[in-house]
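Structure at a glance
Here is what each chain is made of, one letter per residue.
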Amino acid sequence: MSQLDLLTALLDRARQAGADTAEAAVSGSTSLSISRRLGQTEHLERSERRGLELTVFVGKRSASVSTTEIAASGFAALAERAVAMAKVVPEDPYGGLADNAQTVDAGPLELADLTEPTVEALTVRAALAEDAARAVPGITNSEGGEAGYGRYEFLLATSAGFLGGYARTSHSVSATALAGEGVGMQRDYDYHSATFLSDLDDPVAIGTSAAHRAIARLNPTRPATAKLPVLFDPRVAGGLIGHLAGAVSGSSVARGTTFLKDSLGKQIFARGIRITDEPRRLRGPRSRPFDGEGIPSANTVLIDDGVLTTWLMDSRAARQLGLQAKGSPGLTNAFLSAGKLTPADLMADITEGLYITELMGQGINGLTGDYSRGAAGFMIRNGALAEPVAEITIASNLKEMFLNLTPANDLRFRRAVDAPTVRIDGMTMAGG
């Protein structure tokens with residue numbers, strides 16, 4: 001019996017137990033990773049996980065149960081337990097199956113690479129990354145190189161007739177290098193992941209990049225507190241899109257717990273700014289044919305010419321807000337479109353500013369938009385990068401940051417959330 005046949009059998013059991021409607025999902029993952037440090041294999045791990053979840057709806061009440069035992073012999077007891085739980089919980093007027101679920105084909109997205117690497121291949125990849133980092137003059141130690149592979153599978157069936165599934169793979173390589181000695185030691189890293197092995201960056205390039213990043217951070221200073229323009233390196237700029245996603249979550253809007261709750265259809269970025277989510281991107285790291293409710297995925301423009309166009313909603317939040325879910329309750333492959341200026345152009349007029357390469361902490365107030373995070377990077381002086389800085393804090397409010405954001409033209413698709421270098425004027429830097 002296939003996995004989808006098993007899910008259909010479980011749904012039948014749920015209806016027999018008294019459920020009005022139900023959905024069942026099987027998810028599974030396989031991962032293999034290896035790390036090398038100072039020329040020796042330090043860690044090798046393989047894990048396999050599989051789980052089954054059943055959600056039943058009895059009138060306006062619902063309950064979910066899960067198990068790692070995926071066998072038809074236990075379905076009757078599982079369904080009876082779920083229905084019994086649903087009958088004693090409070091009613092939820094917004095619950096229920098998605099109204100617009102639809103079976104779609106996952107084939108065109110190219111989500112799964114048939115190439116599964118051996119332990120030996122991963123070992124070579126990790127060794128190449130670390131050896132390249134250690135070979136750069138000025139590197140004094142290493143936290144290692146790592147290579148990994150993962151495969152994720154998801155199958156969903158609902159009593160409304162939806163049946164679907166897909167698999168997604170990932171290949172990754174990383175290196176972390178240290179430069180300097182004693183209390184003056186600095187570390188940095190580089191990494192890359194890709195759905196297909198053929199798209200993965202050269203491990204030697206990753207290791208070399210990590211080394212040069214670490215060396216560049218040596219002898220940092222703590223500048224005086226000031227209000228100045230701040231540039232975010234692409235490696236950290238994508239986090240700003242993540243903060244936006246949290247603020248436009250449908251569930252947060254419905255609860256009134258976001259600073260953007262009244263901003264739909266309003267200008268929250270400068271004109272020309274565009275932020276898009278692409279769940280149907282070819283070989284995208286989080287591409288998917290449908291979401292967790294069976295709603296077909298669709299590319300969505302979240303910010304169009306600076307205007308907020310939609311909320312990120314599942315069906316429950318959409319019903320609360322009187323809207324329709326579009327298959328995007330969370331970000332998949334999101335990006336801030338590139339601007340017209342180069343990063344050098346963005347900083348050319350800055351007498352004193354800050355270029356951020358690393359952020360620490362989670363100092364974001366979702367209710368007010370207040371932003372405060374630890375940071376490290378480089379000063380900008382007279383239009384060029386200058387000395388490294390560390391142990392500083394940058395602060396502002398996300399509303400002001402969004403309105404004062406200018407993107408550069410160096411967008412590259414490397415992560416699930418991507419952005420080019422961005423400039424934000426008027427941030428406060430707290431230093432020494």
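Cut-off values and rules
- Residues numbered from 1 in each chain as written.
- Predicted model: local features only at pLDDT ≥ 70, side-chain atom pairs only at ≥ 80, totals over all residues.
- Heavy atoms only, no water.
- Phe/Tyr/Trp six-rings, centres within 6.5 Å; stacked < 30°, edge-to-face > 60°.
- Helix = DSSP H or I, 4+ residues; strand = E, 2+ residues; numbered from the N terminus.
- Buried < 20%, exposed > 50% of the residue type's maximum accessible area, 1.4 Å probe, protein only.
- Salt bridge = Lys/Arg side-chain N within 4 Å of Asp/Glu carboxyl O.
- 1 Å grid on protein atoms, 1.4 Å probe; cavity = no way out; pocket = protein on both sides within 12 Å on 5 of 7 lines; lining within 4 Å.
- Points joined across faces, edges and corners; volume = space filled by probe spheres on them.
- Nonpolar A, V, L, I, M, F, W, Y, C, P; charged D, E, K, R; others polar.
- Axes fitted to C-alpha atoms, helices over the stretch in contact; angles between N-to-C directions.
- Parallel < 35°, antiparallel > 145°, perpendicular 65-115°, else oblique.
- Left-handed = near helix turned anticlockwise from the far one by under 90°.
- Contact = heavy atoms within 4.5 Å.
- Pairing = 2+ DSSP bridges.
- Core = buried A, V, L, I, M, F, W, Y, C linked by side-chain atoms within 4.5 Å.

Moving on, we come to the packing of aromatic side chains. Enumeration according to the criterion identifies 7 aromatic pairs in this entry. On the numbers, 6.0 Å between centres and 55 degrees between planes, the contact of phenylalanine 154 with tyrosine 166 is tilted. Here phenylalanine 154, found in strand E4 (residues 139–158), pairs with tyrosine 166, found in strand E5 (residues 163–179); they are 12 residues apart in sequence, far enough to count as distant. Since its relative accessible area comes to 11%, phenylalanine 154 is described here as buried. Assessed through its relative accessible area of 11%, tyrosine 166 is described here as buried. Aromatic pair tyrosine 189 and tyrosine 191: ring centres 6.1 Å apart, planes at 25 degrees, arrangement stacked. For tyrosine 189, a relative accessible area of 26% translates into the label partly exposed. With a relative accessible area of 30%, tyrosine 191 lands in the partly exposed category. An aromatic cluster is present here, built from Phe154, Phe162, Tyr166 and Phe290 joined pairwise through their rings.

Moving on: the pattern of salt bridges. With the rule as written, the count across this model stands at 23 salt bridges. Here arginine 415 makes a salt bridge to aspartate 418, at a shortest N to O gap of 4.0 Å. Neither arginine 415 nor aspartate 418 differs from the other in exposure class; each is buried. When salt bridges that share partners are traced, they join Asp188, Arg217, Arg235 and Glu358 into one network.

Here the largest pocket is characterised by a volume of approximately 250 Å³. Considering the residues around the largest pocket, the lining is formed by Asp190, Asp201, Ser209, Arg213, Asp233, Pro234, Arg235, Asp410, Arg412, Arg414, Arg415 and Ala419. Mapped onto the lining of the largest pocket, the elements with two or more residues apiece are helix H4 (203–216) and helix H5 (234–247). Of the residues contributing to the lining of the largest pocket, the split by class is 2 nonpolar, 1 polar and 9 charged.

Closest axis-to-axis distance for the helix H1 (residues 3–17)/helix H2 (residues 75–86) pair is 8 Å, and the angle between their directions is 50 degrees. The angle between the axes of H1 and H2 places the two elements in the oblique class. Two packed elements cross with a definite hand, and for H1 against H2 that hand is right-handed. On H2, the residues touching Leu6, Ala9, Leu10, Arg13, Ala14 and Ala17 of H1 are Phe75, Ala76, Leu78, Ala79, Glu80 and Val83.

Moving on, we come to the sheet that holds strand E9 (residues 300–304). Taken in spatial order, the 5 strands make up an open sheet running E10-E9-E8-E11-E16, and their pairing is mixed. Each edge of the sheet is formed by a strand with only one pairing partner; in this case those strands are strand E10 (307–308) and strand E16 (417–418).

Moving on to the nonpolar core. The nonpolar side chains of a soluble globular protein tend to be buried, and buried together. Residues Phe232, Leu244, Phe269, Leu354 and Ile394 are the most contacted members of the largest nonpolar core, which totals 52 residues. No other element matches H5, which puts 7 residues into this core. Setting aside anything within four residues of it in sequence, one finds isoleucine 394 in contact with Phe232, Leu354, Ile356, Leu359, Tyr371, Ser372, Arg373, Ala375, Met427 and Thr428. Listed in part, the 23 residues of the second largest apolar core include Ala14, Ala79, Val83 and Ala86.

Turning next to the packing of helix H3 (residues 119–134) against H4. Packing of H3 against H4 leaves a shortest axis separation of 7 Å and a crossing angle of 35 degrees. In this structure, H3 meets H4 at a crossing whose hand is right-handed. For the pair formed by H3 and H4, the contact residues are Arg125, Leu128, Ala129, Ala132 and Ala133 on the first element and Pro203, Val204, Gly207, Thr208 and Ala211 on the second. Each residue belonging to the contact of H3 with H4 can be placed in one class, and the counts come to 7 nonpolar, 2 polar and 1 charged.

To continue, consider the sheet that holds strand E6 (residues 186–194). Hydrogen bonding along the main chain pairs the strands of a sheet, whether they run parallel or antiparallel. An order of E3-E2-E1-E4-E5-E6 is seen for the 6 strands of this open sheet, with the pairing classed as antiparallel. Each edge of the open sheet carries a strand with a single partner, namely strand E3 (61–67) and E6. The mean angle between the axes of side-by-side strands here comes to 20 degrees, regardless of whether they run parallel or antiparallel. Pairing analysis gives 7 bridges linking strand E2 (residues 40–58) to E3, with the strands arranged antiparallel.

With that settled, the discussion passes to the environment of phenylalanine 75. You can see phenylalanine 75 is positioned in helix H2. Taking relative accessible area as the criterion, phenylalanine 75 reaches 2% and is therefore assigned buried. Spatially, the C-alpha atoms of phenylalanine 75 and leucine 6 are 9.2 Å apart, while their sequence positions differ by 69 residues. The residues contacting phenylalanine 75, other than those within four sequence positions of it, are Leu6, Ala9, Leu10, Arg13 and Leu52.

By themselves, these observations are geometric and do not establish any function.
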